[in-house]
Amino acid sequence: MTRPAPRVVEALNAALHRLFEERSSLHLLGEDVRDPYGGAFKVTRGLSTRHPDRVLSTPISEAGITGVAGGLALAGDQAIVEMMFGDFAALAFDQILNLISKSVTMYGDRVPMPVVVRCPVGGNRGYGPTHSQSLQKHFVGVPNLALYETSPFHDPYAQLAEGLDRGPAMLFEDKVLYTRRMFRDGVVDEHHRYALRGGSTGWAHVSPMDGTAADVVLICPGGTTHRALDAARLLRARGIAAHVLVPARLYPPDLEPVLPLLADARLVAVAEESTEGGTWGAEIAARVHTRIWSHLRSPVLQLNSADSVVPTAPHLESRVLLGAERIAAEIEKGAARSPQSRTPAAPPPVAPLVAAGSETTGTEAGQQPAAAAVDSAEPAAGVPVAVPKLNNNDTAYLVVRWFADDGAYIGEGDPLVELETSKAVEEIAAPADGHLRIRAAEGSEVGVGDLLAELLAEPPAAPAPDTSALTPSDERVAAPVPAAAPVNPPVAPPAQEPAPAARTHVLDRAQQGTAAVVTRAHREVPVAFAAVEVRVDAVLARLRTLSDETGAEVGLPEAVVKAVAAAHPAFPHLFGTLVDERTVRLADTVDIGVTVDAGNGLYIPVLRDCAGRSLADLSDDLMDFRMKAFRAEFTAGELSGGCLSVSLNTEPGVLFVQPIVMAPQLCMVSVGGRLTRLVLEDGVPASTTVVTLGLAYDHRVVNGRDAIAFLRAVADALHDAERLVACVDPQ
């Protein structure tokens, strides 16, 4: 079995251990960096145990810590400083600017200053204004000071070693990367690969697997990597080929290895999490302009977070910080303004926002939609709105609803229509201004590429009345008759006070999508339900130690998912799909959907290969799902393909939850909150922690006996905590 790639925090820790073995004069200073704490983010775990004389936990004084590191360097030693949060580097700015960086050249001869200041930076963790900033821009341009940033492509050992050798340096570590896995073997995902340009501390170049040339080159620091990759996936669905460049060293930048790629692109963009003004991205843009101005087809596009402090509330934080959707939207606008387009002449429809974790039984591959679905009797007279390809599972989608009536005026970017795929309700926006002419009715099925509507410069003409079916007498009745005054005009009713306006609550689109899913499930699936109570004291204790061992925040949700996956070999039909009244298609891999609700809609993203991956891996994915739920950034692919779902309702006091079955799945497991029970242990009263596991199941396939046996198997897996932690399918 191939071991999973290490998380970034593990790679950093391994790099520090290697450097301490190789460099006997290396010291590490910081607050709470010694074992057993091992630093606020566990990067220094184990160092003080192996090198007790060279790892110093200091008082809370960033200026003092950095000054001591500078003194060690002047005395011939080497030092790495850990800022507990990068925001506090502001307190050490004087020591970095006026002592460490200047000491290199202000004594007549060049003096080695092997000091690296490590700074955890960035938001998306809910830490608030003073613990979430990206301060890289404030250190750009300091003479003799090199700036690096961790990424999932670059070995942090190479960054730290180079930083010490050319010192002084700063290494910025975006906190959201700590639990992310490193990429390796040149593979990002099924559609993207990467290669290093310019050596181990050069550039990671992410490009499409099929070798498509770059319409857009997106440059970003390591902490923005995953948002840039998500934006590249969104742009790919919109017909724009985006390449991504991630440097290991921010400053001074070495552009030589990537200049040919930049010169050939239709648009160059720089995306970073810091606020605009004097940024690293502006420095890159200026250098690109200077070097290849004659090759650029438009100015370098600079993307930053909003001009604001970083809020603590997740829904506000997501509005301030730069996200994948905004990156993709701004790049799409910039690409549209750039000349010499490599994209098709017809404007592509704006890619949808995933509105909710929805599903339906899609048209089977190769099956054509009904002929009546699309009115194609006339050629398109305005800007056509075609059905985009929303996922790889379906060839046709259901038209759920139009947001405007036929003939209404629509502005570019306004919501136009909702399409339902096999796993999600997708919202399509208008690609241009115009009057709407609907070509596909609500409730019809449309295939990829079919005409949904046109956007016309003038309102469409009203259709002439159809009199072909009228009899002669009907025609006479239908002819206009002059109006005559009534003989006895009606008496007007007495005036009444208008009724007070009723208070209303309008469902948002995410909830409307959820409602559609629930309605369909209750209408089509004959659901039964069973529940058992499970003691979880032992597994909770083991999960706490596992979290300390791995640095991942592993909790009961991951354990339940893993326990459900462990039951797959004994109950394969519960993980299948009903093909017809007598046939169940069995799943090859255990891909499990999990409910995530961050207050802006219910989503059911899918954890892949739950049987073959560790609890720590699943924890990483769940953390990623929660952040995407806050930002509403799920793609259709992340919400599709599950063979069974788990409804997580682990808030304290929740007794049990009865879920629905998400067709075409056959089962959904629910887990409630922790409850305290009083039990007898050898005749002595004792308290224990329990949760209720429920199973909603399609009674056409699963009977009550199987349901109870399945729940008991899941409960047994939760009872055997050590086996659950070690449970990784070698296949």
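From a predicted model like this one, the values you see are computed outputs, not experimental measurements.

Rules behind the numbers
- Residues numbered from 1 in each chain as written.
- Predicted model: local features only at pLDDT ≥ 70, side-chain atom pairs only at ≥ 80, totals over all residues.
- Heavy atoms only, no water.
- Helix = DSSP H or I, 4+ residues; strand = E, 2+ residues; numbered from the N terminus.
- Buried < 20%, exposed > 50% of the residue type's maximum accessible area, 1.4 Å probe, protein only.
- Contact = heavy atoms within 4.5 Å.
- Areas by Shrake-Rupley, 256 points an atom, 1.4 Å probe, with all protein chains shown as cover.
- Axes fitted to C-alpha atoms, helices over the stretch in contact; angles between N-to-C directions.
- Parallel < 35°, antiparallel > 145°, perpendicular 65-115°, else oblique.
- Left-handed = near helix turned anticlockwise from the far one by under 90°.
- Nonpolar A, V, L, I, M, F, W, Y, C, P; charged D, E, K, R; others polar.
- pLDDT = per-residue confidence, 0-100.
- Expected span 1.5 Å × (residues − 1).
- Arc of directions from axis to C-beta.
- Pairing = 2+ DSSP bridges.
- Patch = residues over 30% accessible without salt bridge, like charges linked within 9 Å, V, L, I, M, F, W, Y side chains within 5 Å.
- Salt bridge = Lys/Arg side-chain N within 4 Å of Asp/Glu carboxyl O.
- Polar contact = N/O pair within 3.5 Å; in protein donor to acceptor, adjacent residues only side chain to side chain.
- Phe/Tyr/Trp six-rings, centres within 6.5 Å; stacked < 30°, edge-to-face > 60°.
- Disulfide = S-S within 2.5 Å.
- 1 Å grid on protein atoms, 1.4 Å probe; cavity = no way out; pocket = protein on both sides within 12 Å on 5 of 7 lines; lining within 4 Å.
- Points joined across faces, edges and corners; volume = space filled by probe spheres on them.

Concerning the overall build of the protein chain
Moving on, step 1. The helix and strand inventory of the protein chain stands at 17 helices and 33 strands.
Moving on, step 2. Residues counted as buried form 53% of the 731 residues belonging to the protein chain.
Moving on, step 3. Considering only intrachain contacts with a sequence separation of at least 6, the fraction spanning at least 24 residues in the protein chain is 73%.
Moving on, step 4. By element, 54% of the accessible surface of the protein chain is carried by carbon and sulfur atoms, the whole surface being about 32600 Å².

Section: the packing of helix 14 (residues 556-566) against helix 15 (residues 615-631)
Moving on, step 1. Look at helix 14 against helix 15: their axes get within 9 Å of each other, and the N-to-C directions meet at 120 degrees. Regarding the angle of helix 14 to helix 15, the classification is oblique. The handedness of the crossing between helix 14 and helix 15 is right-handed. Listed contacts from helix 15 to Pro-557, Glu-558, Ala-559, Val-561 and Lys-562 of helix 14 are Leu-615, Leu-618, Ser-619, Leu-622 and Arg-626.
Moving on, step 2. Of the residues assigned to the contact of helix 14 with helix 15, the class counts are 6 nonpolar, 1 polar and 3 charged.

Some words on the confidence of the model for the protein chain
Moving on, step 1. Within the protein chain, residue pLDDT values average 85, and 85% of them lie at 70 or more.
Moving on, step 2. Under a pLDDT of 50 for its full length, residues 341-380 has, in the predicted model, 116 contacts with residues more than four places off or in other chains.
Moving on, step 3. Contacts from residues 464-491, a stretch scored under 50 in pLDDT, to residues over four places away or in other chains number 2 contacts.

Re helix 16 (residues 704-719)
Moving on, step 1. Look at helix 16: 22 Å from first C-alpha to last across 16 residues, which is about the 22 Å you get at 1.5 Å a residue.
Moving on, step 2. Turning to helix 16, its buried residues number three or more, namely Ala-707, Phe-710, Leu-711, Val-714, Ala-715, Ala-717 and Leu-718. In a view along the axis of helix 16, the buried residues occupy a sector of 160 degrees, so they form one face of it. Turned more than 90 degrees away from the buried face of helix 16, the exposed residues are Arg-705 and Arg-712.

Considering the pairing of strand 23 (residues 527-535)
Moving on, step 1. Only one face of strand 23 is buried: it carries Ala-528, Ala-530, Val-532 and Val-534, and the other face, with Val-527, Phe-529, Ala-531, Glu-533 and Arg-535, is open.
Moving on, step 2. Where strand 23 and strand 33 (residues 684-698) come together, 9 bridges link them in antiparallel fashion. Across the sheet, residue Glu-533 finds its bridge partner in strand 33, namely Thr-692.

Things to note about the sheet that holds strand 9 (residues 216-219)
Moving on, step 1. Overall, mixed pairing links the 6 strands, which are arranged 7-8-10-9-12-13 in an open sheet. Taken across any chain shown, the strands that pair with only one partner, and hence form the sheet edges, are strand 7 (192-197) and strand 13 (301-305). Adjacent strand axes in the sheet meet at a mean angle of 20 degrees when their direction is disregarded.
Moving on, step 2. Across 6 bridges, strand 7 lies against strand 8 (residues 203-208) in antiparallel orientation.

Description of a nonpolar patch on the surface
Moving on, step 1. A cluster of nonpolar residues, Leu-74, Met-106 and Tyr-107, forms a patch on the protein surface that exposes about 300 Å² of accessible area.
Moving on, step 2. By secondary structure assignment, the location of Leu-74 is in helix 3 (residues 62-74).

Some words on the side chain of Ser-305
Moving on, step 1. Note that Ser-305 resides in strand 13.
Moving on, step 2. Within polar-contact distance, the side chain of Ser-305 engages the backbone oxygen of Glu-273 at 2.6 Å.

Examining the packing of aromatic side chains
Moving on, step 1. Overall, the coordinates contain 12 aromatic pairs when judged by the stated rule.
Moving on, step 2. Between the aromatic rings of Phe-575 and Phe-710, the centroid separation amounts to 6.1 Å while the plane-to-plane angle is 70 degrees, which identifies the pairing as edge-to-face. In this pair, Phe-575 sits in the loop between helix 14 and strand 24 (577-580) while Phe-710 sits in helix 16, placing the two residues 135 residues apart along the sequence. The burial state of Phe-575 is the same as that of Phe-710; both residues are buried.

Focus: the sheet that holds strand 17 (residues 409-410)
Across a sheet, paired strands are connected by hydrogen bonds in the backbone, their directions being either parallel or antiparallel.
Moving on, step 1. Strand order in the open sheet made by the 4 strands is 15-22-20-17, with antiparallel pairing throughout. The sheet is open, and its two edges are formed by strand 15 (383-386) and strand 17, each paired on a single side.

Some thoughts on the state of the cysteines
Chemically, a disulfide is nothing more than a covalent bond linking the sulfur atoms of two cysteines.
Moving on, step 1. Under the definition given, this model contains 0 disulfides.
Moving on, step 2. With no disulfide partner, Cys-643 has as its closest neighbouring cysteine sulfur the one in Cys-610, 7.9 Å distant.
Moving on, step 3. The class of Cys-643 is buried, set by a relative accessible area of 7%.

What about the pattern of salt bridges?
Moving on, step 1. According to the stated counting rule, one finds 29 salt bridges in the structure shown.
Moving on, step 2. Put simply, Arg-23 and Asp-165 hold a salt bridge, and the shortest N to O gap is 3.0 Å. Of this pair, Arg-23 sits in the loop between helix 1 (8-22) and strand 1 (26-30) while Asp-165 sits in helix 5 (residues 156-166), and the two are 142 residues apart along the sequence.
Moving on, step 3. By relative accessible area, Asp-165 is classed as exposed at 58%.
Moving on, step 4. The partner of Glu-638 in a salt bridge is Lys-628, with the nearest N and O atoms 2.4 Å apart. Placement of Glu-638 in the loop between helix 15 and strand 30 (644-648) and of Lys-628 in helix 15 is noted, with a sequence separation of 10 residues between them. You'll find Glu-638 and Lys-628 in the same group, each marked buried.

What about the environment of Ala-541?
Moving on, step 1. Following the sequence through the fold, Ala-541 ends up in helix 13 (residues 537-550).
Moving on, step 2. Expressed as a C-alpha distance, the spacing of Ala-541 and Gly-555, which sit 14 residues apart in the sequence, is 9.9 Å.

As for empty space enclosed by the protein
Moving on, step 1. The final tally for this structure, using the stated rule, is 4 cavities of 30 Å³ or more.
Moving on, step 2. Computed from the structure, the largest cavity encloses a volume of approximately 230 Å³.
Moving on, step 3. Lining the largest cavity are 15 residues, with Val-176, Arg-180, Asp-624, Met-627 and Arg-631 sitting closest to its centre.
Moving on, step 4. Breaking the lining of the largest cavity down by element, the ones donating at least two residues are helix 6 (225-237) and helix 15.
Moving on, step 5. Broken down by element, the residue count for the lining of the largest cavity peaks at 5 residues, all from helix 15.
Moving on, step 6. Grouping the constituent residues of the lining of the largest cavity by class yields 3 nonpolar, 4 polar and 8 charged.
Moving on, step 7. When its volume is computed, the second largest cavity comes out at roughly 100 Å³.

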